[in-house]
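Residue strings, one per chain:
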Amino acid sequence: MSFGETPVTIVGNLTGDPELKYTNNGQALARFTVASTPRTFDREANQWKDGTSTFFRCAAWRQLAEHVAESLGKGSRVVLSGRIRQHDWQTPEGENRSMLAVEVDEIGASLRFTTVRIDAKRTGGQSGSAPTGNDPWNTGSNRPEPGNEPPF
């Protein structure tokens, strides 16, 4: 992240399926919107009440874009981190327009209300197999010996 950028973390739900496109030079781009709605518990009514939703237009690039399009869909609850970007343009009528969007650096499913199964595949490694010599993330086995598992 560069100096002066505005980092954000957003928790919310996708309002639709991500739109995957490719630029003229072959870069993958996934665009999607995340709605974040605060909830408070009303003790008098003994129920949860939704606040005003905030909608964030988001963009993910390259391999992350392809993973987003393949893995997430409308209604998916996500946690994402990224940077706020301002986009300025001019309409065909000559009017100046501007909007804020989030350029996504990391995104994943929120596990608060659901479970997911991860299919971990890395370039250079082999999913579901023993570590190999060509896996740059190979640090050997980090599994504890039976009976020595951490309590968490």
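Residues numbered from 1 in each chain as written. Predicted model: local features only at pLDDT ≥ 70, side-chain atom pairs only at ≥ 80, totals over all residues. Heavy atoms only, no water.

In the nomenclature of an unreviewed UniProt entry, the protein corresponds to Single-stranded DNA-binding protein from the organism Streptomyces roseirectus. Turning to the protein, the UniProt record has this under Subunit (unreviewed entry): "Homotetramer." (UniProt positions renumbered as here; feature names shortened; annotations may be inferred.)

For the rest of this paragraph, the subject is the overall build of the protein. Tallying secondary structure elements over the protein gives one helix and eight strands in all. Overall, the protein shows an N-to-C arrangement of helices and strands of β-β-β-β-β-β-α-β-β. Expressed as a percentage of the 152 residues in the protein, the buried residues total 21%. With an accessible surface of roughly 11800 Å², the protein has 48% of that area assigned to carbon and sulfur atoms. (Helix = DSSP H or I, 4+ residues; strand = E, 2+ residues; numbered from the N terminus. Buried < 20%, exposed > 50% of the residue type's maximum accessible area, 1.4 Å probe, protein only. Areas by Shrake-Rupley, 256 points an atom, 1.4 Å probe, with all protein chains shown as cover.)

Among the nonpolar cores identified, the biggest contains 17 residues, and Phe32, Val34, Leu80, Val104 and Ile107 are the most heavily contacted of them. Elements with a contribution of two residues or more to this core: strand E1 (6–14), strand E3 (28–36), strand E6 (54–61), helix H1 (62–71), strand E7 (77–90) and strand E8 (96–109). When residues of this core are assigned to their parent elements, the largest contribution, four residues, is made by E3. Discounting chain neighbours no more than four positions away, the residues touching Phe32 are Leu14, Pro18, Phe56, Arg57, Cys58, Ala60, Val68, Leu80, Val104 and Ile107. (Core = buried A, V, L, I, M, F, W, Y, C linked by side-chain atoms within 4.5 Å. Contact = heavy atoms within 4.5 Å.)

Here the focus is the pairing of strand E2 (residues 19–22). Of the strand pairs in this sheet, E2 and E3 are connected by four bridges, and their pairing is antiparallel. Looking at the pairing, Glu19 lines up with Arg31 of E3. Between E2 and E3, which follow one another and run antiparallel, lie five residues, and Gly26 among them has a positive phi close to 90°. (Pairing = 2+ DSSP bridges.)

So, about the environment of Ile118. Among the secondary structure elements, Ile118 is positioned in the segment after E8. The exposure class of Ile118 is exposed, given its relative accessible area of 68%. With 47 residues separating them along the chain, Ile118 and Ser71 place their C-alpha atoms 9.9 Å apart.

Next up on the list: the packing of aromatic side chains. Summed over all chains, the structure comprises one aromatic pair. Judged by centre distance (5.3 Å) and plane angle (70°), the rings of Phe41 and Trp48 are edge-to-face. Classification of Phe41 as partly exposed rests on a relative accessible area of 34%. The class for Trp48 is partly exposed, based on a relative accessible area of 49%. (Phe/Tyr/Trp six-rings, centres within 6.5 Å; stacked < 30°, edge-to-face > 60°.)

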